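Inside the fold
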Amino acid sequence: MKYVLEKASMKQCDACTITQFKVPGLVLMERAALSVCEEIQKRFQQGTVLIVCGTGNNGGDGFALGRMLEEKGFLVEFLLLGNEKKLTEETKAQMEILKAYGNKIGTKLPEREYTMIIDAIFGIGLSREVTGSYLDMIQRLNEKTGYKIALDIPSGICADTGKMLGCGFRADLTVTFGYLKIGLLLYPGAEYAGEVLCRDIGIRQAAFGKELPKAFTYEKEDLKRIPKRSSTGNKGSFGKLSVFAGSSKVSGALLLSVLSAYRAGCGYVRAFTEEDNRELLAREVKEAVIATYQEKDTALTDKELTELKDTYEFASEVVLGPGMGLGPLADEIVSYVLQQDKKPVIVDADALTIISRNEKMQEYLCFSAKSRKFPIIFTPHPGEFARLLSKDVKEVKENLFQEGLSYAKRMGIILVCKEARTLVMDGNTGRVYINCSGNEGMATAGSGDVLTGILAGMLGSKMEPYEAVCMGVFLHGLCGDRAKERNGSAYLMASDIIKELPCFLE
């Protein structure tokens, strides 16, 4: 697990390291520059380098890096962007060192091309739109050829949101210092950052003080968090899942959810679905237990209502919504399940749309947020989330981090905001998982239904619910990445994701 910081937290860590732990700022700067120098030497033996520096400490990192590259035989040119009188103390010291060695520092961008162009203009502190000579410089740097490297974060990218503030430096490589920043993982920042490497410069976890960062991401080694199956367990030991899904017109979502839940480790899966789905599900997933109802414009019959209740009571966790439609029976099923509060519920697809249309249901969920005993997990894509918020999709996507965390806290839920970088937000603790697995090939019909089944499998493993959801999202992306390696992104289908689960689960 890696922590992911906002700029305020990173600045606090810097300041604490300097003041409380007595590590001079220049030492941190030297270590940052050295870490980048080492990465460059892995890629290049020699070459011409242009380093464009701002007046803040990011510029000081750039000056120090250039000095080190010169020592390794690179031909380095320096460019200062901004008023020399506004240099920070550490950056001024780095410039004076360069001048003592006879280096000249220019103020105008040369027309020639370079092997490498290094962006050390703003760093993580930028909070305003890039304008004027800064805007012009970044745009001109983007037009040049050569391998482009950003120090800490590409200039013009907001460290907290990944938004582009007027314009952004397009890096092939970003070397960030101490800890990852949120803006490096969220789009469009992730696109502008290119390959991201995080390097230790001597800032220890003790610099966080008593409160650890709320945001984090997983790496492959975190798969060991998934509990191993007990050799003495039975089918009930690994999760008894009830899936309320499918309609007379849509059966694939039900099938994918049930199959992926089994493949993700569920010991027993029971479905409550429209009668037309019985034959397909029984044929394709022989292990599934099936209860059905007849689709109609009236309420469930007494017999069907008994089946509904029995299916719910059977479960240790519940899936609600995939392909179930938007008719009156779907409304009845969703309302019943959400009012029980006897087990975790994963709410997906049509169930989310039903909730977005039902003001009383939303009020109930909000009212019961603090007293709820079992977690509710919402898994919306941007369109579904926009409907829940009654906002425009574009507006929601641009502010997904803030909107998502606010909504999760208000409703007291675990919120899985599905996007190119899926976010998992815990409304009770404020924790945010930023998922970095997955790829564009997973933008295909049924991928979300597979995710829902995998989440159920992780809940059945008896992990802590929020961690189970985060792990499910991570695992889903890893399977998608492996499927892309085998088939290519254009060829990838949702069922291919399921096939890769054995590669990551024992």
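An account of the accompanying structure is given in this report. (Residues numbered from 1 in each chain as written. Predicted model: local features only at pLDDT ≥ 70, side-chain atom pairs only at ≥ 80, totals over all residues. Heavy atoms only, no water.)

**Side note on the packing of helix H11 (residues 328–338) against helix H12 (residues 350–357)**
- Interhelical geometry of H11 versus H12 gives an angle of 85 degrees and a closest axis separation of 10 Å. In terms of axis orientation, H11 runs roughly perpendicular to H12. Contacts between H11 and H12 involve Ala330, Asp331, Val334 and Leu338 from the former and Ala351, Ile354 and Ile355 from the latter. (Axes fitted to C-alpha atoms, helices over the stretch in contact; angles between N-to-C directions. Helix = DSSP H or I, 4+ residues; strand = E, 2+ residues; numbered from the N terminus. Parallel < 35°, antiparallel > 145°, perpendicular 65-115°, else oblique. Contact = heavy atoms within 4.5 Å.)

**Here we look at the pattern of salt bridges**
- Taken as a whole and assessed by the stated rule, the structure comprises 29 salt bridges.
- Here glutamate 84 and lysine 99 are joined by a salt bridge, their closest N and O atoms 3.1 Å apart. Of this pair, glutamate 84 sits in the loop between strand S3 (75–80) and helix H4 (89–100) while lysine 99 sits in helix H4, placing them 15 residues apart in sequence.
- Judged by relative accessible area, lysine 99 falls into the partly exposed class, the value being 43%.
- Residue arginine 225 is joined to aspartate 222 by a salt bridge in which the shortest nitrogen-to-oxygen separation is 3.0 Å.
- Residue arginine 225 is classed as partly exposed on the basis of its relative accessible area of 34%.
- Overlapping salt bridges, with partners in common, bring together Glu39, Lys42, Arg43, Glu195 and Arg199 in one network. (Salt bridge = Lys/Arg side-chain N within 4 Å of Asp/Glu carboxyl O. Buried < 20%, exposed > 50% of the residue type's maximum accessible area, 1.4 Å probe, protein only.)

**A word on the environment of asparagine 142**
- Along the polypeptide, asparagine 142 turns up in helix H5 (residues 132–143).
- It is 56 Å that separates the C-alpha atoms of asparagine 142 and phenylalanine 272, two residues lying 130 residues apart in sequence.
- The contact partners of asparagine 142, leaving out residues within four places of it in the chain, are Lys148, Gly168, Phe169 and Arg170.
- In this structure the side chain of asparagine 142 is engaged in a polar contact, spanning 2.9 Å, whose partner is the backbone nitrogen of arginine 170. (Polar contact = N/O pair within 3.5 Å; in protein donor to acceptor, adjacent residues only side chain to side chain.)

**Some remarks on the packing of helix H2 (residues 25–43) against helix H3 (residues 57–71)**
- Here H2 crosses H3 at 50 degrees, and the two axes come no closer than 8 Å. Classed by the angle they form, the pair H2 and H3 counts as oblique. When you trace H2 past H3, the crossing you get is right-handed. Here H2 contributes Met29, Glu30, Ala32, Ala33, Leu34, Val36, Cys37 and Ile40 to the contact with H3, which in turn contributes Asn57, Gly60, Asp61, Ala64, Leu65, Arg67, Met68 and Leu69.
- Class assignment for the residues of the contact of H2 with H3 results in 11 nonpolar, 2 polar and 3 charged. (Left-handed = near helix turned anticlockwise from the far one by under 90°. Nonpolar A, V, L, I, M, F, W, Y, C, P; charged D, E, K, R; others polar.)

**What about the sheet that holds strand S16 (residues 376–378)?**
- One open sheet holds the 12 strands; their spatial order is S8-S1-S10-S19-S18-S17-S16-S15-S14-S11-S12-S13, and the pairing between them is mixed. Sheet topology places strand S8 (180–181) and strand S13 (289–293) at the edges, where each strand pairs with a single neighbour.
- As judged from the 3 bridges shared by strand S18 (residues 423–426) and strand S19 (residues 432–434), these two strands associate in the antiparallel manner. Opposite leucine 423, over in S19, you have isoleucine 434 as the bridge partner.
- Packing against the sheet, helix H10 (residues 302–314) makes contact with strand S11 (240–244), strand S12 (268–274), S13 and strand S14 (317–320), and its axis sits at approximately 155 degrees to S12. (Pairing = 2+ DSSP bridges.)

By themselves these figures say nothing about function.
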